[in-house]
Amino acid sequence: MQFHNPHTGEHFDAVYFSNGRYRNDALSEFYRIARDWRQDAEVKIDTRTINVVYKIQTLLEKEGPFQLVSGYRTPQTNHLVHGAKHSFHMRGEALDIAHPEVSTRLLHKVALHVRGGGVGYYPREHFVHVDCGPVRSWTA
Ligand SMILES: [Zn+2]
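Structural notes, computed from the coordinates. Everything numeric here is computed off the predicted structure, so don't read it as measured data. (Residues numbered from 1 in each chain as written. Predicted model: local features only at pLDDT ≥ 70, side-chain atom pairs only at ≥ 80, totals over all residues. Heavy atoms only, no water.)

**Notes on the overall build of the protein**
- The helix and strand tally for the protein stands at four helices and nine strands.
- Reading the secondary structure of the protein in the N-to-C direction produces β-β-β-β-α-α-β-α-β-α-β-β-β.
- Its C-alpha atoms give the protein a radius of gyration of 14 Å, within 12% of the compact-globule value 14 Å for 140 residues.
- Within the protein, the fraction of its 140 residues that count as buried is 47%.
- For the protein, the proportion of contacts with a sequence separation of at least 24, taken over those separated by at least 6, is 54%.
- In the form shown here, the protein has an accessible surface area of approximately 7,700 Å², with 50% of it arising from carbon and sulfur atoms.
- Side chains of the protein carry 17 positive and 15 negative charges; the gap between the two charge centres is 7 Å. (Helix = DSSP H or I, 4+ residues; strand = E, 2+ residues; numbered from the N terminus. Rg over C-alpha atoms; globule rule 2.2 N^0.38 Å. Buried < 20%, exposed > 50% of the residue type's maximum accessible area, 1.4 Å probe, protein only. Contact = heavy atoms within 4.5 Å. Areas by Shrake-Rupley, 256 points an atom, 1.4 Å probe, with all protein chains shown as cover. Lys, Arg positive; Asp, Glu negative; His and termini not counted. Charge placed at Lys NZ, Arg CZ, Asp CG, Glu CD.)

Next comes the structure, spelled out in structure tokens:
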């Protein structure tokens, strides 16, 4: 799977799951690119959330990288960006994503279809939030 972090310019291009197991080297690389870049703090990102993005990618049939708009957030950063009080981003369980070849509207539709957890639609900011919490959805 491929990701690009627009804030840091970093790229991720690795297979994080193969032969029935997670690849720790690839996951470590992903945790790094999904870190809170403002505080340079990283945590493990829940593989259930990464799997949601993987399913979205499969349904979209797009190979190119997702834009990783937001991954892990420290409480300080979450406060700064006006995140929800108990944001799943602070637990490494949420990712905000966009895709340069797909409209936010379509990305949102596909994310809802996966039913992997929470889905937030941010049409003005051009991204979709996914997490591995209870299945629910909202529009910002
Ligand atoms: Zn989010």
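**Looking at the coordination of the zinc ion**
- Protein ligation of the zinc ion involves His89 (NE2), Asp96 (OD) and His129 (ND1), the donor distances falling in the range 2.0 Å.
- Spacing between the donor residues of the zinc ion along their common chain follows H-x6-D-x32-H. You can see His89 sitting in the loop between helix H3 (75–80) and strand S6 (94–98) and its partner His129 sitting in strand S8 (residues 127–131), a full 40 residues away along the chain. The exposure classification of His89 matches that of His129, with both residues buried. (Donors = N, O, S within 2.8 Å, 3.2 Å for Na, K, Ca; no water.)

**Thoughts on helix H1 (residues 24–33)**
- Those residues of H1 lying buried are Ala26, Leu27, Phe30, Tyr31 and Ile33. Across the axial projection of H1, the buried residues extend over an arc of 165°, all falling on one side.
- Its buried side turned inward, H1 meets strand S1 (2–4), strand S2 (11–13), strand S4 (21–22), helix H2 (47–60), strand S5 (66–70) and S6. (Arc of directions from axis to C-beta.)

**Let's talk about the environment of Gly83**
- Take Gly83: it is sitting in the loop between H3 and S6.
- The spatial distance from the C-alpha of Gly83 to the C-alpha of Arg73 is 9.1 Å, given a sequence separation of 10 residues.
- Leave out the neighbours within four places in its chain, and Gly83 touches Arg73 and Asn78.

**Points about the pattern of salt bridges**
- Inspection of every chain in the model, using the stated rule, returns 10 salt bridges.
- Between Arg23 and Asp25 there is a salt bridge whose closest N-O contact spans 3.7 Å.
- Under the relative-accessibility criterion, Arg23 is labelled partly exposed at 35%.
- Ionic pairing is found between Arg35 and Asp40, a salt bridge with its closest N-O pair at 3.0 Å.
- The network of salt bridges with shared partners includes Glu10, Arg32, Arg35, Asp40 and Glu42. (Salt bridge = Lys/Arg side-chain N within 4 Å of Asp/Glu carboxyl O.)

**Brief notes about helix H4 (residues 104–114)**
- When H4 is considered as a whole, its buried residues turn out to be Thr104, Leu107, His108, Val110, Ala111 and Val114. One side of H4 carries all its buried residues, which in axial view fall inside an arc of 165°. Exposed and oriented more than 90 degrees from the buried face of H4 are Arg105, Lys109 and His113.
- Those residues of H4 that are buried lie in contact with H2, S5, S6, strand S7 (118–122) and S8.
- In the stretch just after H4, Arg115 is the one whose phi turns positive, near 50°.

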